[in-house]
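# Chains, contacts and geometry: an overview
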Amino acid sequence: MAVRHRLIARPPAAVWDVLSDPYRYAAWVVGTRESTPVEGDWPEVGSALAYTVRIGRTDLHGRTWVRRYEPPRILELEAYSGPLGTARIALDVRPWGDETLVIMDEHPLRGFGGRVHNRLLDAMQQLRHRGMLNRLARLVVDVEPAPDAGGPGS
């Protein structure tokens, strides 16, 4: 199981703005080239996105379904990646003072990925998660202005 966290210097509502936008999914999920809503109203439970992942010269087409959505704290997804199977991705969004602590927990759920799951794959996922959480933080920070510090001149 690969668990990683990231402190984002914005409030939870700013993080949820990015997580709730189906078109920005591809901007923070490493490896994903594009995303399009295909079922329901993202990120309501049962809604889904279609996406494309490039591995070498091959494009894989997958879908991600929302399995649990409890704003402002929990978003759990099941990502289907064709022959690789599915993975559970859980995002725990916690207020941390004026900032947000995001905890990502991902593990293979069904198919080939679940059968070959091991510590080496977990280590590789840690690298991917670092990239995803960094991208998520950049999107949130670039969109949401910093809170007023209340210093001189404010």
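For clarity, every value in this text was computed on a predicted model and none was experimentally measured.

It is worth spelling out the overall build of the protein at this point. Regarding its fold elements, the protein presents four helices and seven strands. Reading the protein from its N end, one meets helices and strands in the order β-α-α-β-β-β-β-β-β-α-α. Taken across its 154 residues, the protein has 42% of its residues classed as buried. Sequence-distant contacts, at least 24 apart, represent 47% of the contacts inside the protein between residues at least 6 apart. For the protein, the exposed area adds up to about 8500 Å²; of that, 54% sits on carbon and sulfur atoms.

Helix α1 (residues 12-19) sits mainly inside the fold: six of its eight residues count as buried. Along α1, the residues classified as buried are P12, A14, V15, W16, V18 and L19.

So, on to the packing of aromatic side chains. Aromatic rings in a pair are described by how distant their centres are and how their planes are angled relative to each other. Evaluation of the coordinates by the stated rule reveals four aromatic pairs. A centroid spacing of 5.8 Å and a plane angle of 65° characterise the contact between W16 and Y69, whose relative ring orientation is edge-to-face. Here the residue W16 occupies a position in helix α1, and Y69 occupies one in strand β4 (residues 58-70), the gap between them amounting to 53 residues. Ring geometry for Y25 and Y51: centres 6.2 Å apart, planes at 45°, overall tilted. You can see Y25 sitting in helix α2 (residues 25-28) and its partner Y51 sitting in strand β3 (residues 48-55), a full 26 residues away along the chain. Judged by its relative accessible area of 5%, Y25 falls in the buried class. Each member of the aromatic cluster is reached from another via a ring pair, and the members are Y25, W28, W42 and Y51.

Conventions we followed
In this numbering scheme, every chain counts its residues from 1 along its sequence in written order. Only residues with pLDDT of at least 70 are given local features in this predicted model, and only at 80 or more are side-chain atom pairs given and counted; all residues enter the totals for whole chains, interfaces and linings. To get the side-chain values, take all heavy atoms of the structure and skip hydrogens and water. Strands here mean DSSP runs of E at least two residues long; helices mean DSSP runs of H or I at least four residues long; both are numbered from the N terminus. Each residue gets one of three labels from its accessible area relative to the maximum for its type: buried under 20%, exposed over 50%, partly exposed in between, using a 1.4 Å probe on protein chains only. The criterion used for residue contact is that any of the two residues' heavy atoms lie within 4.5 Å. Per-residue accessibility takes into account occlusion by the displayed protein chains alone, with areas from the Shrake-Rupley method and a 1.4 Å probe. Aromatic pairing here means that ring centres of Phe, Tyr or Trp (its six-membered ring) are within 6.5 Å. Orientation follows from the plane angle: under 30 degrees is stacked, over 60 is edge-to-face, and everything else is tilted.

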